[in-house]
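# Coordinate inspection notes
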Amino acid sequence: MASPCRTKLAIKNVRVFDGHGLTEPTTVVIEDGLIVTDAADADELDGRNGVLLPGLIDSHVHLGSEKHLRLLADWGVTTALGMGEWWPEKLPALRNRAGLTDIRSACLPATTPGSLHSKMLPIPRHATVSRPRDAAPFVRQRLAEGADYIKLIADQPGPDQATLDALVSAAHEGGKVVVAHALTFAPFAMALAAGADFITHLPRDKALDDDAVGRMLEGKPTVSIPTLTMMGRVCTPLPRSAVVRLLLQPSLLWTVVKARRHLLGRESVDNCTASLRRLHGAGVPILAGTDSNEEADSPFQIPHGESLHREMELLVEAGMSTLDVLRSATCLPARHFGLTDRGAVEAGKRADLVLLRDDPLEDIKATRSIERVWCAGVERIRS
């Protein structure tokens, strides 16, 4: 639940993460949902030399209920970027909730009839894309539903190159950026060729080579959302419940078999971490995202909120610095997704804030030492 809203609060004696390091102890003032500079007549809170972060941003989630917003806010995730919400009519009720996580969404993602995802996910057939001429109507429908960006699924079997190209073109013509899902090497290359602005996941069958990394840096760099949390799950044996589901659905099982014929090598999370190291070393922008979902029929459920902290830990384990990882969950997603009102603790920005007891630059696990969370200036009382 949200605490009673105080119109003005001065958080004193806190070291602020400014995107480059920690400041000396200072005071941050919240008023009417924004960060301001005037502390006159403010209630005071002693931060006890803690660390104040901009609210965390998870760049890949799947949302379905207010429960998910509460879980995200409990863990300091004040903005969540939905990458496939199967019932777009539910979204208006989840937006702009005082004291809870602010969301963006792609609504339904684009895939073809007969693809693996069309059989795994509750995507209605009328929302699938069979050929290039279906791209523009698909994008128009997502925009009518309130999509903030367009999500497409690059997969085999799945949309061919011409259809992916048409989807990206239609989205860009509509003024929206494109996020492409790609779990294996060949679809990743197709998403790159189509001109996707973001690619979520990393190939599990083959590490990205120098050519692929170089192409991500051509022109406006393609942004990577690695989702190491999900990739670790995908590269492990299926749970028994998922195996039973496959056996009971011959069409889905046959599609899985067909998809595996396109793999270029052995599935391993090591391919993903090797790709991440190459991308980061080359200067490709990296954003922290989890693919968190709590769907009953998903073989790879990942909890909302807590998983972003695990994702940050995995990014550090893969070779990124704690500074770069904190940026990947704060200022960088705000910058690349055009969320200009957040991602930094600065006057005029939304008062999306996380107060930590410990220093995450020394140990990334300190992001878990949450003392308080504010969503647009309203304190979230953690459940």
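Attention here is on the structure that accompanies the text. (Residues numbered from 1 in each chain as written. Predicted model: local features only at pLDDT ≥ 70, side-chain atom pairs only at ≥ 80, totals over all residues. Heavy atoms only, no water.)

For the rest of this paragraph, the subject is the overall build of the protein chain. If you tally the helices and strands in the protein chain, you get 14 helices and 14 strands. Relative to the globule expectation of 21 Å for 383 residues, the C-alpha radius of gyration of the protein chain, 21 Å, shows essentially globular dimensions. A buried classification covers 56% of the 383 residues belonging to the protein chain. Summarising the internal contacts of the protein chain: among those between residues at least 6 apart in sequence, 68% fall at separations of at least 24. Carbon and sulfur atoms provide 51% of the accessible area of the protein chain, an area that totals close to 15,500 Å². Side-chain charges in the protein chain split into 44 positive and 48 negative, and the spacing between the mean points of these groups amounts to 6 Å. (Helix = DSSP H or I, 4+ residues; strand = E, 2+ residues; numbered from the N terminus. Rg over C-alpha atoms; globule rule 2.2 N^0.38 Å. Buried < 20%, exposed > 50% of the residue type's maximum accessible area, 1.4 Å probe, protein only. Contact = heavy atoms within 4.5 Å. Areas by Shrake-Rupley, 256 points an atom, 1.4 Å probe, with all protein chains shown as cover. Lys, Arg positive; Asp, Glu negative; His and termini not counted. Charge placed at Lys NZ, Arg CZ, Asp CG, Glu CD.)

Let us now look at helix α5 (residues 161-173). With 13 residues, α5 ought to run about 18 Å at 1.5 Å a step, and its terminal C-alpha atoms sit 18 Å apart, in line with that. Listing the buried residues of α5 in full gives Thr163, Leu164, Ala166, Leu167, Val168, Ala170 and Ala171. Those residues of α5 that are buried are in contact with α4 (135-145), β8 (150-153), β9 (178-181) and α6 (185-194). In the stretch just after α5, Gly175 is the one whose phi turns positive, near 80 degrees. (Expected span 1.5 Å × (residues − 1).)

A full pass over the atoms with the stated rule returns 22 salt bridges. In this structure, the salt-bridge partner of Glu313 is Arg310, at a minimum N-O distance of 3.4 Å. A residue pair is termed a helical-turn pair when its members lie 3 or 4 positions apart in one helix, as Glu313 and Arg310 do in helix α12 (residues 306-317) at three residues. For Glu317, the salt bridge is made with Arg310, and the minimal N-O distance between the two is 3.4 Å. One connected set of salt bridges, linked through shared partners, spans Glu306, Arg310, Glu313, Glu317 and Arg368. (Salt bridge = Lys/Arg side-chain N within 4 Å of Asp/Glu carboxyl O.)

All right, on to α6 then. Along α6, seven of the 10 residues are buried, which leaves the element largely enclosed by surrounding structure. Among all positions in α6, only Phe185, Pro187, Phe188, Met190, Ala191, Leu192 and Ala194 are buried. Structurally, α6 contributes buried residues whose contacts are with α5, β9, β10 (198-200) and α7 (210-216). Downstream of α6 by a residue or two, Gly195 has a phi angle that is positive, lying close to 90 degrees.

In this approach a probe as big as a water molecule rolls over the atoms, and the regions it shows empty are the leftover space. Under the counting rule described, the total for this entry stands at three cavities of 30 Å³ or more. Estimates place the volume of the second largest cavity at around 50 Å³. If you go around the second largest cavity, the residues you meet are Leu63, Gly64, Glu85, Trp86, Trp87, Lys90, Leu91 and Leu94. Grouping the amino acids of the lining of the second largest cavity by side-chain chemistry returns five nonpolar, one polar and two charged. (1 Å grid on protein atoms, 1.4 Å probe; cavity = no way out; pocket = protein on both sides within 12 Å on 5 of 7 lines; lining within 4 Å. Points joined across faces, edges and corners; volume = space filled by probe spheres on them. Nonpolar A, V, L, I, M, F, W, Y, C, P; charged D, E, K, R; others polar.)

In this structure, the second largest pocket encloses a volume near 230 Å³. The wall of the second largest pocket is formed by 18 residues, among which Cys331, Arg342, Gly343, Ala344 and Glu346 lie closest to the centre. Among the elements that line the lining of the second largest pocket, the one with the most residues is helix α14 (residues 331-336), at three residues. In terms of residue class, the lining of the second largest pocket is built from eight nonpolar, four polar and six charged.

For the rest of this paragraph, the subject is the sheet that holds strand β13 (residues 370-375). Strand order in the open sheet made by the seven strands is β3-β2-β1-β4-β12-β13-β14, with mixed pairing throughout. Looking at which strands have only one partner, the edges of the open sheet turn out to be β3 (34-36) and β14 (378-380). Each strand axis lies, on average, 45 degrees off the axis of its neighbour in the sheet, ignoring direction. Against the sheet, helix α1 (residues 66-74) touches β13 and β14, its axis set at about 130 degrees to β13. (Pairing = 2+ DSSP bridges. Axes fitted to C-alpha atoms, helices over the stretch in contact; angles between N-to-C directions.)

Side-chain alternation along β9 places Val178 and Ala180 on one buried face and Val179 and His181 on a second face that is also buried. In this view, the connection linking β8 to its parallel neighbour β9 by way of α5 has right-handed handedness. As judged from the three bridges shared by β9 and β10, these two strands associate in the parallel manner. By the bridge assignment for β10, His181 is matched with Thr200. (Right-handed = clockwise from strand over helix to strand, strands pointing away.)

This part takes up the side chain of Ser369. Note on placement: Ser369 falls in the loop between β12 (353-356) and β13. Residue Ser369 is classed as buried on the basis of its relative accessible area of 6%. A polar contact is formed between the side chain of Ser369 and the backbone oxygen of Ala366, at a distance of 2.7 Å. Sequence-distant contacts of Ser369, defined by excluding residues within four places in its chain, comprise Leu355, Leu356, Arg357 and Asp358. (Polar contact = N/O pair within 3.5 Å; in protein donor to acceptor, adjacent residues only side chain to side chain.)

Now for the state of the cysteines. Throughout the structure, instances matching the rule amount to zero disulfides. With no disulfide partner, Cys235 has as its closest neighbouring cysteine sulfur the one in Cys272, 4.9 Å distant. (Disulfide = S-S within 2.5 Å.)

What follows covers the packing of aromatic side chains. Each pair of aromatic rings is reported with the distance of its centres and the angle of its planes. For the structure on display, the rule yields two aromatic pairs. Ring geometry for Phe198 versus Phe337: centroids 4.1 Å apart, planes at 20 degrees, classification stacked. Taken together, the residues span a long stretch of sequence, with Phe198 in strand β10 and Phe337 in the loop between α14 and β12 at a distance of 139 residues. On the accessibility criterion, Phe198 (2% relative accessible area) is buried. Accessibility expressed as a relative area gives 12% for Phe337, which makes it buried. An aromatic cluster is defined as three or more aromatic residues linked by ring pairs; in this entry it consists of Tyr149, Phe198 and Phe337. (Phe/Tyr/Trp six-rings, centres within 6.5 Å; stacked < 30°, edge-to-face > 60°.)

Don't take any of this as a statement about function, it's just geometry.
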